[in-house]
There are 2 protein chains.
Amino acid sequence: MKNVKCAKCIKCGAEIEAKPDITTCPTCGGIMDIVYDYEAIKSMVTKEDMAARKDPTMWRFKEFLPVEADSDTAGLKVGGSPLYPAKRLGEKLGMPNLYIKDDGLNPTSSLKDRASAMAVVKAAEAGAKTIACSSTGNAASSLAGNAAAKGLETYIFVPERAPAGKVAQLLVFGANVISVQGNYEDTFRLSAEAIDRWGWYNRNAAINPYLSEGKKTVTLEIAEQLGWKAPDYVVISVGDGCTIAGAWKGFKDLYAAGFIDKLPKLVSVQAEGCYPINKAVAEGYDTLVPMEENTIADSIAVGVPRNFKKAVDAVRESKGITVNVSDEEILEAMKVLGATSGVFGEPAGVAGTAGLIKAVAAGLVPKDATVVSVVTGNGLKDIVSAGKAVGKPLAVPPKMDALLDAFKGIGGPQ
Amino acid sequence: MKNVKCAKCIKCGAEIEAKPDITTCPTCGGIMDIVYDYEAIKSMVTKEDMAARKDPTMWRFKEFLPVEADSDTAGLKVGGSPLYPAKRLGEKLGMPNLYIKDDGLNPTSSLKDRASAMAVVKAAEAGAKTIACSSTGNAASSLAGNAAAKGLETYIFVPERAPAGKVAQLLVFGANVISVQGNYEDTFRLSAEAIDRWGWYNRNAAINPYLSEGKKTVTLEIAEQLGWKAPDYVVISVGDGCTIAGAWKGFKDLYAAGFIDKLPKLVSVQAEGCYPINKAVAEGYDTLVPMEENTIADSIAVGVPRNFKKAVDAVRESKGITVNVSDEEILEAMKVLGATSGVFGEPAGVAGTAGLIKAVAAGLVPKDATVVSVVTGNGLKDIVSAGKAVGKPLAVPPKMDALLDAFKGIGGPQ
């Protein structure tokens, strides 16, 4: 890889060769980061080259990605999700420069497809035939789908609380699914042991440093969609920490390669029922204090975030802010976003929007700022929660008189 | 509209001006068809123009669409769905030239978005602020979502049996949902009366001739994605008849405008539990004989298809074939498609693939033909059916010993 220098430990600074199957630091066990040669990237691609490309997927940014030039990246159509000017939501909030990035429109309906598409390409580079992960749901189904498209076998460990829709989805994709009778931490531990035992390729986002590199394509896209500008703020929901770390890496890479001329502030949104990363940032400490996992937003209910340091560092480096939201605020945001934008997000997917609404109300984000709120997963993933967000339809007998009566009661048309 | 000549009744041949709010034939009540001026289209756009366009949505084909040049088509990102070379499924079936068009990746997760995106643009042209339909399924959610993005109010009439999850989705999009205490026919009648009374814009695919024009963009895309070639066969599931009629119209329009040099054969797939259109084609009669609606594929369970004639005519004109599939074949196709391609379709969405598998086995479609199988809706729309297709995950306590035991039981790794 001409564009990659090495992998570097974020804890002890050790540098190793960026082989396709690296995981954590061989010296200290810390999480690795992929280090690029930005001069090489600059010599390989320009904004004009990018503008001429027809590939709408995340692979349009190949010079910014840690894959071999001859790797076969064909697979599901990951990336290229819309960045909508959120006109009506913006009017409601008094924000004229608000955008929604709907990453729930990825092939398996979440942002996690960006990491999984990367994982299956790196697995193929490593010569692996089997790939495994533990996940609360979206990483699992995205791995299963992306692996199915490439003909790789998958073993996927999910905690027993994973919603039925997500589990059915990954079974349809032909995955070997293990439902672990425990929490996410138990699930993660068992998957790690199994991966060690059988030598499967590891798609655990914090362990495998390439996965954040896939996730960062969401911000490469945002910057390109804004005409190679970074927004003032990027709002994103945070669980394990890999997504916000990836988002930040994307902006830093673009900045280092001269594609954007400033960096955004990150708004890290977690649930009031589980916010270990935000707590550390807000209170200024560096060691993870695990928390309970009490939130409707299952995809970000991570009491022991594996990418704690990268996430905390990202928010701090960006001079960002943290917001914690209640389940009620998440459900309210789901409704507001749906009704004003036609975007239907799952609870974790709209938690970012809930956090933005809260942050703006508190004066933490200026109303005239250019803000991108990332919706990380599709609402169809969790219809039960959607039911909690909304009321009931108007029930009427099949007669116009009855409809008129019912409308009268709610101030409807007559 | 410089590219549109008129609207013409497919029953009596009456021609009327293509105003934005036309419905059925004012003379005989027949269904109308939009008639284009193909010489005008040829003078407006070339294949080369199209290649230079960056808009990935269905509106990239605007010269082929019945909208005013200055209409605001911004909204949800409808269209631009992937056409995947189905390498692994093709190997399984011995078909080297098989493609899957995954239209479940539209914004509200079904092909119906193409019709609803058209509906909201035409509603705006007609000066309407409110748009209405009766439906329990994809048409309803796509209308609600696309209307929310444009700031149009919606009234959606659902029969009381409508599943809570689907109703929740409508409510998230801010629709006024009226749950009618009666069957679908009662619901339809009340909605028709309400639409008449309040002058709402009518989003009923068979009643409003513009909606097939939106749907036809799926085949405009297929042809462009194949390098302006029609495949030999296009396989599609059929319910009300509007989608296959639209698909055929798309190819005919491209052929008439010189963008493709042959027409494909259509493979019309219905459920064994409900196949009134296929029955008429197969037995050679012209008058609808209603059928019961007994299939898991709810989106194509239409015993009284409102676009019967357009659909029957399309299959016949294309010299196409008809295939009926059982629920078991649909569920099997869901699994096969998911596991070989990473595409997750709802039952009606994969019925086409089930029909293709059956048709190829019966020798009705040659194995070396270029075939596109359209997946019309996302599997997340109906996870209950997906659950029937796949069974359960392997449930284990969070211990390696337990995992080994469980694997032993199913012949897994040790």
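Residues numbered from 1 in each chain as written. Chains lettered and ligands numbered in written order. Predicted model: local features only at pLDDT ≥ 70, side-chain atom pairs only at ≥ 80, totals over all residues. Heavy atoms only, no water.

(A) Broad picture of the pattern of salt bridges. All names here are of chain A. Under the definition given, this model contains 48 salt bridges over all chains. Here Asp33 ties to Lys249 by a salt bridge, and the two come within 3.8 Å at their closest N and O atoms. In this pair, Asp33 sits in strand β3 (residues 32-36) while Lys249 sits in helix α10 (residues 242-256), placing the two residues 216 residues apart along the sequence. Salt-bridge contacts for Lys216 lead to Asp253; the nearest nitrogen and oxygen are separated by 2.5 Å. Of this pair, Lys216 sits in the loop between α8 (210-215) and α9 (217-225) while Asp253 is found in helix α10, placing the two residues 37 residues apart along the sequence. For Lys216, a relative accessible area of 0% gives the class buried. One salt-bridge network, in which partners are shared between bridges, spans Asp33, Glu213, Lys216, Lys249, Asp253 and Lys310. (Salt bridge = Lys/Arg side-chain N within 4 Å of Asp/Glu carboxyl O. Helix = DSSP H or I, 4+ residues; strand = E, 2+ residues; numbered from the N terminus. Buried < 20%, exposed > 50% of the residue type's maximum accessible area, 1.4 Å probe, protein only.)

(B) The arrangement of the interface of chain A and chain B in detail. Across the boundary between the two partners, chain A contributes 72 residues, which contact 71 residues of chain B. Interface area, chain A with chain B, both sides summed: about 5,700 Å², of which 69% is carbon and sulfur. Looking at the side of chain A facing chain B, the largest losses of area belong to Val172, Leu380 and Met400 of chain A, adding up to 12% of the total buried there. Counting across the interface, chain A meets chain B through 20 residue pairs in polar contact (both at pLDDT 80 or more). Take the side of chain A that touches chain B: its biggest share by element is seven residues, from helix α6 (residues 164-172) of chain A. The class makeup of the residues in the side of chain A that touches chain B is 42 nonpolar, 19 polar and 11 charged. Where strand β14 (residues 394-396) of chain A lies against strand β8 (residues 176-180) of chain B, three bridges are found, and the strand directions are parallel. Looking at β8 of chain B, one finds that Leu394 of chain A is bridged to Ile178 of chain B. (Contact = heavy atoms within 4.5 Å. Buried area = accessible area lost by both parts, 1.4 Å probe. Polar contact = N/O pair within 3.5 Å; in protein donor to acceptor, adjacent residues only side chain to side chain. Nonpolar A, V, L, I, M, F, W, Y, C, P; charged D, E, K, R; others polar. Pairing = 2+ DSSP bridges.)

(C) The arrangement of the pairing of strand β10 (residues 233-237) of chain A in detail. Residues and elements named next belong to chain A. Across the five residues of β10, five count as buried, placing the element largely inside the fold. Where β10 lies against strand β11 (residues 265-271), five bridges are found, and the strand directions are parallel. The residue of β11 that forms the bridge with Tyr233 is Lys265. With α10 bridging β10 and the parallel β11, this β-α-β connection has right-handed handedness. (Right-handed = clockwise from strand over helix to strand, strands pointing away.)

(D) Up close: α9 of chain A. Residue and element names in this part refer to chain A. Burial analysis of α9 places eight of its nine residues in the buried class, which makes it a mostly covered element. When α9 is considered as a whole, its buried residues turn out to be Thr217, Val218, Thr219, Leu220, Glu221, Ile222, Ala223 and Glu224. Looking one or two residues past α9, Gly227 carries a phi angle of roughly 75 degrees, positive in sign.

(E) Structural context of the relation of the copies chain A and chain B. Structural alignment of chain A on chain B gives an RMSD of 1.0 Å, achieved by rotating through 179 degrees and translating 0.1 Å along the axis. Such a turn and shift between the copies fits a two-fold axis. When each C-alpha of chain A is compared by its distance to the rotation axis, Leu380 of chain A comes out closest, at 2.6 Å. (Least-squares fit on C-alpha atoms with pLDDT ≥ 70 in both.)

(F) Representation of the side chain of Asp382 of chain A within the structure. Residues and elements named next belong to chain A. Residue placement: Asp382 occurs in the loop between β13 (371-375) and α15 (383-389). A distance of 2.6 Å separates a polar atom in the side chain of Asp382 from a polar atom in the side chain of Ser385. The residues touching Asp382, leaving out its near neighbours within four places in the chain, are Ile296, Asp298 and Pro347.

(G) Representation of unusual backbone geometry. Residue and element names in this part refer to chain A. Although it is not a glycine, Trp228 sits at a positive phi angle of roughly 55 degrees. For Trp228, the position within the fold is in the loop between α9 and β10. The class for Trp228 is buried, based on a relative accessible area of 11%.

(H) Representation of the packing of helix α5 (residues 138-150) of chain A against α6 of chain A in the model. Residues and elements named next belong to chain A. Where α5 contacts α6, the axes come no closer than 8 Å and their chain directions differ by 15 degrees. Classified by the angle between their axes, α5 and α6 sit roughly parallel to one another. Pair α5 / α6 crosses with left-handed handedness. Within the contact between the two elements, α5 uses Asn138, Ala140, Ser141 and Ala144 and α6 uses Lys166, Gln169 and Leu170. In terms of residue class, the contact of α5 with α6 is made up of three nonpolar, three polar and one charged. (Axes fitted to C-alpha atoms, helices over the stretch in contact; angles between N-to-C directions. Parallel < 35°, antiparallel > 145°, perpendicular 65-115°, else oblique. Left-handed = near helix turned anticlockwise from the far one by under 90°.)

(I) Spotlight on the environment of Val325 of chain A. Residue and element names in this part refer to chain A. Structurally, Val325 can be placed in strand β12 (residues 321-325). Of the residues examined, Val325 reaches a relative accessible area of 0% and is grouped as buried. Through-space distance from the C-alpha of Val325 to that of Glu272 is 5.2 Å; in sequence the pair is 53 residues apart. What Val325 contacts, discounting residues up to four positions off in sequence, is Val269, Gln270, Ala271, Glu272, Ile330, Ala351, Ala354, Gly355 and Lys358.

(J) Quick peek at the sheet that holds strand β6 (residues 130-134) of chain B. As summarised here, the arrangement of the five strands in space is β14(A)-β8(B)-β7(B)-β6(B)-β9(B), forming an open sheet in which the pairing is parallel. Two strands bound the open sheet, and with one partner strand each, they are β14 of chain A together with β9 (201-202) of chain B. Taken together, the five bridges between β6 of chain B and strand β7 (residues 153-159) of chain B define a ladder with parallel strand orientation. The residue bridging Ala132 of chain B from the neighbouring strand is Tyr155 of chain B, located in β7 of chain B. Running over the sheet, helix α7 (residues 184-198) of chain B touches β14 of chain A together with β6, β7, β8 and β9 of chain B and is turned about 155 degrees from β7 of chain B.

(K) Highlighting the sheet that holds β11 of chain A. Residue and element names in this part refer to chain A. Reading across from one edge, β4-β5-β13-β10-β11-β12 is the order of the six strands in this open sheet, with mixed pairing throughout. The outermost strands of the open sheet, each flanked by one partner alone, are β4 (83-85) and β12. Sheet twist, expressed as the average angle between the axes of neighbouring strands with direction ignored, equals 25 degrees. Here β4 pairs with strand β5 (residues 98-102) via three bridges, running antiparallel. Paired with Tyr84 across the bridge in β5 is Ile100. Lying on the sheet, α9 is in contact with β4, β5 and β13; it crosses β5 at an angle near 135 degrees. The strands that helix α13 (residues 327-341) touches are β5, β12 and β13; relative to β12, the one it contacts most, it runs at about 95 degrees.

(L) Inspection of the environment of Asp102 of chain B at higher detail. All names here are of chain B. The residue Asp102 is located in strand β5 (residues 98-102) in this model. Taking C-alpha positions, Asp102 is 28 Å from Val35, a pair spaced 67 residues apart along the chain. Discounting chain neighbours no more than four positions away, the residues touching Asp102 are Ser81, Pro82, Tyr84, Val343 and Val375.

(M) Region of interest: the packing of aromatic side chains. The full count for this structure, using the stated rule, is 17 aromatic pairs over all chains. A ring pair is formed by Trp198 of chain A and Trp200 of chain A, whose centres lie 5.1 Å apart and whose planes are at 20 degrees; its orientation type is stacked. Taking 5.5 Å as the distance between ring centres and 65 degrees as the angle between the ring planes, the aromatic pair formed by Trp198 of chain A and Phe407 of chain B counts as edge-to-face. One end of the pair, Trp198 of chain A, is in helix α7 (residues 184-198); the other, Phe407 of chain B, is in helix α16 (residues 400-410), on a second chain. Across the pair, exposure class does not vary: Trp198 of chain A and Phe407 of chain B are buried alike. Against the face of Phe61 of chain A rests Arg60 of chain A, its NZ or CZ located 5.9 Å from the ring centre. Above the ring of Tyr210 of chain B, the side-chain terminus of Lys122 of chain B is found at 4.3 Å from the ring centroid. (Phe/Tyr/Trp six-rings, centres within 6.5 Å; stacked < 30°, edge-to-face > 60°. Lys NZ or Arg CZ within 6 Å of the ring centre and 35° of its normal.)

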